[in-house]
Amino acid sequence: MPLENRLAGKVAIITGAASGIGEAAVTLFAEQGAKVLANDLSQEKLETCHGSNPDVLCVGRDITEDGAPEALVAAAVEAFGKLDIVFNNAGVCPPEPFMDQTKEVWDHTQAVNVYAANLLAKAAKPHLEKSGQGRIINTASIQSKRAGEALTGYTVSKHGISGLTKQLAFELAGTGITANAIEPGFVTTGISKGYTDLMSEEEKNEFESYWAGKAPVGRLGEPIDIANAALFLARDESEFINGASLAVDGGASAKL
Ligand SMILES: NC(=O)c1ccc[n+]([C@@H]2O[C@H](COP(=O)([O-])OP(=O)(O)OC[C@H]3O[C@@H](n4cnc5c(N)ncnc54)[C@H](O)[C@@H]3O)[C@@H](O)[C@H]2O)c1
C-alpha cells in the first residue's frame with residue numbers, strides 16, 4: 001500500500017486540535033485522506049490552524065460542557081455522513097502539588113482528561129460500530145505509569161485514561177471497534193510550556209536536557225511524532241491492536 005491516503009474515506013474527530021499534538025494530528029489525518037472534525041475551546045484558534053483546509057470542520061466548544069460530546073458526533077456525521085475514528089486528545093495539566101490541591105482544579109482535570117473522553121466514546125459508539133473498523137485513540141502519557149512533581153490530579157487522570165482505554169476495548173468487544181492509548185514522553189507543546197514556564201531558565205534547561213538525554217534517540221518529542229503514532233493506530237491494519245498503551249517517548253521510559 002502506498003504511504004499516502006492511508007485514511008482515505010475515513011472520518012475522524014480530534015479534540016485538542018488547535019495546538020500541539022492535536023493540531024499536528026488534524027493536519028496529518030487530512031493529508032492522509034480523512035475528513036476531520038477538529039475540536040478545541042476556541043473557534044478562532046481552530047480557524048487559524050485549519051480554516052483553510054477544505055477537509056477540516058472546525059468546531060470550537062468546551063468538551064466538558066453538557067451535551068458537547070454528543071453535539072460533536074452529530075456535527076461530524078451531519079457534515080461527513082459517518083464516523084470512523086475518535087482521537088481523544090484534549091488535555092489540561094495544571095501544576096498542583098499534593099497539599100495545595102483544590103476540588104475545582106481536580107474536578108476540571110478529571111473532567112477534561114478522562115470523563116469527556118468517556119462520553120465522546122459513548123456518543124460515537126453507534127457510528128463507530130457501523131464503520132466496521134471503528135477506532136478510539138486516547139492520549140495518555142508516560143505519566144500513566146509513574147508520578148511527577150506537583151502533578152497529582154494530572155497523574156491520576158492519566159492513569160485513569162489508560163484504565164478507560166482497557167475498559168473500552170473490553171466493553172466494545174464484537175463491534176469492530178478498538179481502543180488504544182498513546183503515552184507521549186516530553187513533547188514541546190502548550191501544555192509542556194505551561195509546566196516549564198514555571199521554572200527558572202536554568203531549571204528548564206536542566207529539565208529538557210534530562211528528558212532529551214533519557215531518551216535513547218537523544219531528543220525531545222515533537223507533536224508529529226505522536227500524530228504519526230495516532231495515524232498508525234487509526235488505520236484498518238491495526239485491528240489486532242486493542243486495549244494497548246503505546247509509549248511514544250524516544251525510549252525514555254525503557255530505562256530507569
Ligand atoms: N506535551 C507533552 O509533553 C505531553 C506528554 C504526555 C501527554 N500529553 C498529552 O497530550 C495531549 C495533547 O496535549 P499537548 O501536549 O498537545 O498540549 P496543548 O496544550 O498544546 O494542547 C491541548 C489542547 O487541548 C485543548 N483543551 C483543553 N481543555 C479543553 C476542553 N475542555 N475542550 C476542548 N479542548 C480543550 C487546549 O485548548 C489545547 O489546545 C494532552 O492530553 C496531554 O495531556 C502531552
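Residues numbered from 1 in each chain as written. Predicted model: local features only at pLDDT ≥ 70, side-chain atom pairs only at ≥ 80, totals over all residues.

1. Let's talk about the overall build of the protein
Part 1 of the argument: A tally of helices and strands in the protein yields eight helices and seven strands.
Part 2 of the argument: Rg of the C-alpha trace for the protein: 17 Å, near the compact-globule value of 18 Å for 256 residues, within the 12% margin.
Part 3 of the argument: Structurally, the protein occupies a C-alpha span of about 50 × 40 × 40 Å along its principal axes.
Part 4 of the argument: Of all 256 residues assigned to the protein, the portion counted as buried reaches 46%. (Helix = DSSP H or I, 4+ residues; strand = E, 2+ residues; numbered from the N terminus. Rg over C-alpha atoms; globule rule 2.2 N^0.38 Å. Buried ≥ 20, exposed ≤ 12 C-beta atoms within 10 Å, placed from the backbone.)

2. Some thoughts on the site of the ligand
Part 1 of the argument: Every one of the 28 residues lining the ligand counts as a neighbour, but Gly16, Ser19, Gly20, Gly91 and Gly190 are closest to it.
Part 2 of the argument: Within the shell around the ligand, the residues separate by chemical class into 12 nonpolar, 14 polar and two charged. (Near = placed C-beta within 6 Å. Nonpolar A, V, L, I, M, F, W, Y, C, P; charged D, E, K, R; others polar.)

3. Regarding the nonpolar core
Part 1 of the argument: The biggest cluster of nonpolar side chains holds 65 residues, and the ones touching the most others in it are Phe29 and Ala230.
Part 2 of the argument: If we skip the residues at most four places from it in the chain, Ala230 touches Ala25, Phe87, Ile137 and Ile182. (Core = buried A, V, L, I, M, F, W, Y, C linked by C-beta atoms within 7 Å. Contact = placed C-beta atoms within 7 Å.)

4. Points about the sheet that holds strand β6 (residues 178-184)
Part 1 of the argument: Read across the sheet, seven strands follow the order β3-β2-β1-β4-β5-β6-β7 without closing on themselves; strand pairing throughout is parallel. A single partner strand is all that each edge strand has here, and the edge strands are β3 (56-60) and β7 (245-248). Between one strand and the next, the sheet's axes are offset by a mean angle of 15°, whatever the strand orientation.
Part 2 of the argument: Sheet topology note: the strand β1 (residues 11-15)/strand β2 (residues 35-40) ladder contains five bridges and is parallel. Its bridge partner lying in β2, Val11 is registered against Lys35.
Part 3 of the argument: In the packing of helix α5 (residues 152-171) onto the sheet, the strands contacted are β5 (135-139), β6 and β7, and the crossing angle to β6 comes to about 160°. (Pairing = 2+ DSSP bridges. Axes fitted to C-alpha atoms, helices over the stretch in contact; angles between N-to-C directions.)

5. Focus: unusual backbone geometry
Part 1 of the argument: The phi torsion at Asn5 lies on the positive side, around 55°, for a residue other than glycine.
Part 2 of the argument: Looking at where Asn5 falls in the secondary structure, it is placed in the segment before β1.
Part 3 of the argument: Backbone geometry places Ala150, a non-glycine residue, at a positive phi of 60°.
Part 4 of the argument: As for its placement among the helices and strands, Ala150 is situated in the loop between β5 and α5.

6. A few points about helix α1 (residues 20-31)
Part 1 of the argument: The end-to-end C-alpha separation of α1 is 17 Å, in line with the 16 Å expected for 12 residues at 1.5 Å each.
Part 2 of the argument: Burial analysis of α1 places 11 of its 12 residues in the buried class, the great majority of the element.
Part 3 of the argument: Gly20, Ile21, Gly22, Glu23, Ala24, Ala25, Val26, Thr27, Leu28, Phe29 and Ala30 are the residues of α1 that are buried.
Part 4 of the argument: Looking one or two places after α1, you find Gly33, whose phi comes out positive at around 100°. (Expected span 1.5 Å × (residues − 1).)

7. Regarding the packing of α1 against helix α8 (residues 223-234)
Part 1 of the argument: Relative orientation of the contacting elements α1 and α8 amounts to 55°, with a least axis distance of 8 Å. Overall, the two elements α1 and α8 adopt an arrangement that is oblique. The crossing of α1 and α8 is right-handed. Listed contacts from α8 to Gly20, Ile21, Glu23, Ala24, Ala25, Leu28 and Phe29 of α1 are Pro223, Ile224, Ile226, Ala227, Ala230 and Leu231.
Part 2 of the argument: For the contact of α1 with α8, the class distribution of residues is 11 nonpolar, one polar and one charged. (Parallel < 35°, antiparallel > 145°, perpendicular 65-115°, else oblique. Left-handed = near helix turned anticlockwise from the far one by under 90°.)

8. A word on the environment of Pro184
Part 1 of the argument: Mapped onto the secondary structure, Pro184 falls in strand β6.
Part 2 of the argument: Under the C-beta neighbour-count criterion, Pro184 is labelled buried, with 27 such atoms within 10 Å.
Part 3 of the argument: Considering only alpha carbons, one finds Pro184 and Ser42, 142 residues apart in sequence, at a separation of 24 Å.
Part 4 of the argument: What Pro184 contacts, discounting residues up to four positions off in sequence, is Ile21, Thr139, Ser141, Ile142, Gly221, Ile226, Val248 and Asp249.

9. Thoughts on the packing of helix α3 (residues 68-80) against helix α4 (residues 103-131)
Part 1 of the argument: Running from amino to carboxyl end, α3 crosses α4 at an angle of 35°, the nearest separation of the two axes being 8 Å. Where α3 crosses over α4, the handedness of that crossing is right-handed. Contact with α3, carried on its side by Pro69, Glu70, Leu72, Val73 and Val77, involves Ala116, Leu119, Leu120, Ala123, Ala124 and His127 of α4 and no other residues of that element.

10. As for the pairing of β2
Part 1 of the argument: When you tally the buried positions in β2, you get six out of six residues, the bulk of the element.
Part 2 of the argument: On β2, burial covers both faces: Lys35, Leu37 and Asn39 on one face and Val36, Ala38 and Asp40 on the other are all buried.
Part 3 of the argument: Across five bridges, the pairing between β2 and β3 is parallel. When the sheet's bridge partners are listed, Leu37 is paired in β3 with Leu57.

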